[in-house]
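Here is what each chain is made of, one letter per residue.
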Amino acid sequence: MGLIVLAADKGAPGVTTAATALAAVWPRPVLLAECDPAGGDLAYRLPAADGGVLNPGKGLLTLGATARRGLEPAQIHQHTQKIIGGLDVLAGLTHAEQAAGLTWLWGPLGRALAAIPDADVIADCGRLGAHPQLGDLLAEAEQVVLLTRATLDHVAHLRERLQVTKAHGVVVIADPRAYRASIDDVRRIVGPSVQFVYGLAHDPKGAELLRGQWGGRLDRSLLIRTARDLAARLVSHR
């Protein structure tokens, strides 16, 4: 259906939390794919559907072992796991050294994720720049969304990244006390270089709830409330 990439420049502010929150409230069938060459932590952060732990050895690494003979969209789900709440997750690499042997994977992976017929894919690509080959995956995305905080250093890095990365939009991880003002400030700075600038609340308590038993408290958190609004806005840009 469509591949949506979330990434950032310096510091990767909250990319994994944002990707997980969006996938949790996405209004269509969705797969959360951890595609950060630097290594990920979804397997250690999120509980499995049965309340146990995810298998960190099953995911992108096992997919890469079979994909050398070709990668088709139907193969993806053979390497996914379900977390609590029923969300399908493709767990990423466990450490950056594994990416050295998978430099060829990102283009075929992007094409396969983009071609999954019955689900959107939200891909957490972490911090851009250190692994140029990740550009092959970004080239297959329907939307590339860069995350930033509304601080001078983060916005400065964002502007530099927008000069070398074709991004469709920006999401500001914004302090709830200055939520709309922060988004407006970043929108004014980046100007017409992207199609949209939206926001997601910086909500550490909500992020902690996202790691545990999902329920009413999480649903009422600022993180999830703003994630619902963001998900609807991103779908409207399809």
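Structural data are supplied above this passage.
Not measured: the values here are computed from a predicted model. (Residues numbered from 1 in each chain as written. Predicted model: local features only at pLDDT ≥ 70, side-chain atom pairs only at ≥ 80, totals over all residues. Heavy atoms only, no water.)

Caption draft 1: A look at the packing of helix α1 (residues 15–25) against helix α11 (residues 222–236). Running from N to C, α1 and α11 point in directions that differ by 75°, and their axes come no closer than 9 Å. Taken as axis vectors, α1 and α11 run roughly perpendicular relative to one another. Between α1 and α11, the residues in contact are Thr17, Ala21, Leu22 and Val25 and Leu223, Ile224, Ala227, Arg228, Leu230, Ala231 and Leu234, respectively. Taken together, the residues that form the contact of α1 with α11 break down as nine nonpolar, one polar and one charged. (Axes fitted to C-alpha atoms, helices over the stretch in contact; angles between N-to-C directions. Helix = DSSP H or I, 4+ residues; strand = E, 2+ residues; numbered from the N terminus. Parallel < 35°, antiparallel > 145°, perpendicular 65-115°, else oblique. Contact = heavy atoms within 4.5 Å. Nonpolar A, V, L, I, M, F, W, Y, C, P; charged D, E, K, R; others polar.)

Caption draft 2: Summary view of the pairing of strand β7 (residues 169–174). With six of six residues buried, β7 is to be regarded as a mostly interior element. Here β7 shows a buried face lined by Gly169, Val171 and Ile173 and a second buried face lined by Val170, Val172 and Ala174. Direction of pairing for strand β6 (residues 143–149) relative to β7: parallel, over a ladder of five bridges. If you follow Arg149 over to β7, its bridge partner there is Ile173. Crossover handedness for the path β6 to helix α7 (residues 152–164) to β7: right-handed. Note that β7 and strand β8 (residues 196–201) share six bridges and pair parallel. What sits directly across from Gly169, in β8, is Phe196. For the handedness criterion, the β-α-β arrangement of β7, helix α8 (residues 179–190) and β8 is classed as right-handed. (Buried < 20%, exposed > 50% of the residue type's maximum accessible area, 1.4 Å probe, protein only. Pairing = 2+ DSSP bridges. Right-handed = clockwise from strand over helix to strand, strands pointing away.)

Caption draft 3: Here's a closer look at the pairing of strand β5 (residues 120–127). Among the eight residues of β5, seven are classified as buried, and the element is accordingly described as predominantly covered. Relative to β5, strand β1 (residues 2–8) runs parallel, the two sharing six bridges. Looking across to β5, one finds that Val5 is bridged to Ala123.

Caption draft 4: Main features of the nonpolar core. Core analysis: the biggest nonpolar cluster contains 46 residues, and Val5, Cys35, Ile76, Leu109, Leu113, Cys125 and Leu137 have the highest contact counts within it. Among residues more than four places away in sequence, those in contact with Cys125 are Val5, Leu6, Ala7, Val15, Cys35, Asp36, Pro37, Leu134, Leu137 and Leu138. Grouped together as the second largest cluster of nonpolar side chains are 37 residues, Ala23, Leu46, Leu147 and Leu223 included. (Core = buried A, V, L, I, M, F, W, Y, C linked by side-chain atoms within 4.5 Å.)

Caption draft 5: Molecular detail of empty space enclosed by the protein. All chains considered together, the criterion is met by three cavities of 30 Å³ or more. As a volume, the largest cavity reaches approximately 50 Å³. Taken together, Ala8, Asp9, Lys10, Pro13, Leu146, Leu147, Thr148, His154, His157 and Leu158 form the lining of the largest cavity. Among the elements of the structure, β6 and α7 are those that each provide at least two residues to the lining of the largest cavity. The residue makeup of the lining of the largest cavity, split by class, is five nonpolar, three polar and two charged. (1 Å grid on protein atoms, 1.4 Å probe; cavity = no way out; pocket = protein on both sides within 12 Å on 5 of 7 lines; lining within 4 Å. Points joined across faces, edges and corners; volume = space filled by probe spheres on them.)

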